[in-house]
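Remarks on the overall topology
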Amino acid sequence: MKGFQELKKVTEELGSRTRQLGWKQRNVLIDHVYSDYQKHHQLEFARKEWEEVSWEYKVHLILYELMREYRDIYGYFPEYVEMFSQIDGIIDLAGKQDEFEIAQILLKWKKKLSQKNDCI
């Protein structure tokens, strides 16, 4: 359960960071307008920064929600084999669609959870 709690913490932190960067992007956009549209580079940087954190948050959130579905009322994962099978399916799909960054994140978490025997 330590791995699941760690995933929850990371997911919450990424969600918070995504929201912060969204507000930052909004503020840069306002500055861009007030500067007579002279802050293209700052706006582009803020947008890219938000996009990077946002997609990473979405991947973590999908994994977190998947794990929550397999969690019992006591906090354990009695059907962990099926859960890992679902994760493997998502990893395979990401690989087939050339979404290697997504597959890499999921593999990292699968390895962490497997090593800690968290789900057993």
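Overview of the structure. What you see is a predicted model; the values in this text were computed from it and never measured.

What follows covers helix H2 (residues 40-70). Here H2 is 31 residues long and its end C-alpha atoms lie 46 Å apart, about the 45 Å a rise of 1.5 Å per residue gives. Where H2 is buried, its residues touch helix H1 (2-34), helix H3 (80-96) and helix H4 (100-115).

Before going further, it helps to examine the pattern of salt bridges. One pass over the full model with this rule turns up eight salt bridges. Between Arg 17 and Glu 49 there is a salt bridge, with the nearest N and O atoms lying 3.4 Å from each other. A residue pair is termed long-range when its members are at least 10 positions apart, and Arg 17 in helix H1 and Glu 49 in helix H2 qualify at 32 residues. Looking at Glu 49, the relative accessible area reads 17%, which means it is buried.

Approximately 150 Å³ is the volume found for the largest pocket. For the lining of the largest pocket, the elements supplying multiple residues, two or more each, are H2, H3 and H4. Among the elements that make up the lining of the largest pocket, the one with the highest residue count is H3 (three residues). Broken down by class, the residue content of the lining of the largest pocket amounts to seven nonpolar, one polar and one charged.

Thresholds, definitions, all that
Residue indices follow the written sequence of each chain, beginning from 1 at its first position. The predicted nature of this model means local features are confined to residues of pLDDT at least 70 and side-chain atom pairs, given and counted, to a pLDDT of 80 or more, with totals for whole chains, interfaces and linings taken over all residues. Based on all heavy atoms of the structure, the side-chain values leave hydrogens and waters out of the count. Helix and strand definitions here come from DSSP, where helices need a minimum of 4 consecutive H or I residues and strands a minimum of 2 consecutive E residues; each element is numbered from the N-terminal end. Each helix should span, by expectation, one fewer than its residue count multiplied by 1.5 Å. Any two residues whose heavy atoms approach within 4.5 Å at even a single point are treated as in contact. Salt bridges are defined by distance alone: a side-chain nitrogen of Lys or Arg within 4 Å of a carboxyl oxygen of Asp or Glu. Relative accessibility under 20% of the residue-type maximum defines a buried residue, over 50% an exposed one, and the middle range a partly exposed one, all with a 1.4 Å probe and only protein chains included. A 1.4 Å probe that fits but cannot get out identifies a cavity on a 1 Å grid over protein atoms alone, an open set with protein on both sides within 12 Å along at least five of seven lines counts as a pocket, and a residue lines either if it has an atom within 4 Å of a point. Grid points are joined across faces, edges and corners, and a volume is the space filled by probe spheres set on the points. Basically, the charged four are Asp, Glu, Lys and Arg, the nonpolar ten are Ala, Val, Leu, Ile, Met, Phe, Trp, Tyr, Cys and Pro, and anything else, Gly included, counts as polar.

Everything listed here is a matter of geometry and, on its own, says nothing about what the molecule does.
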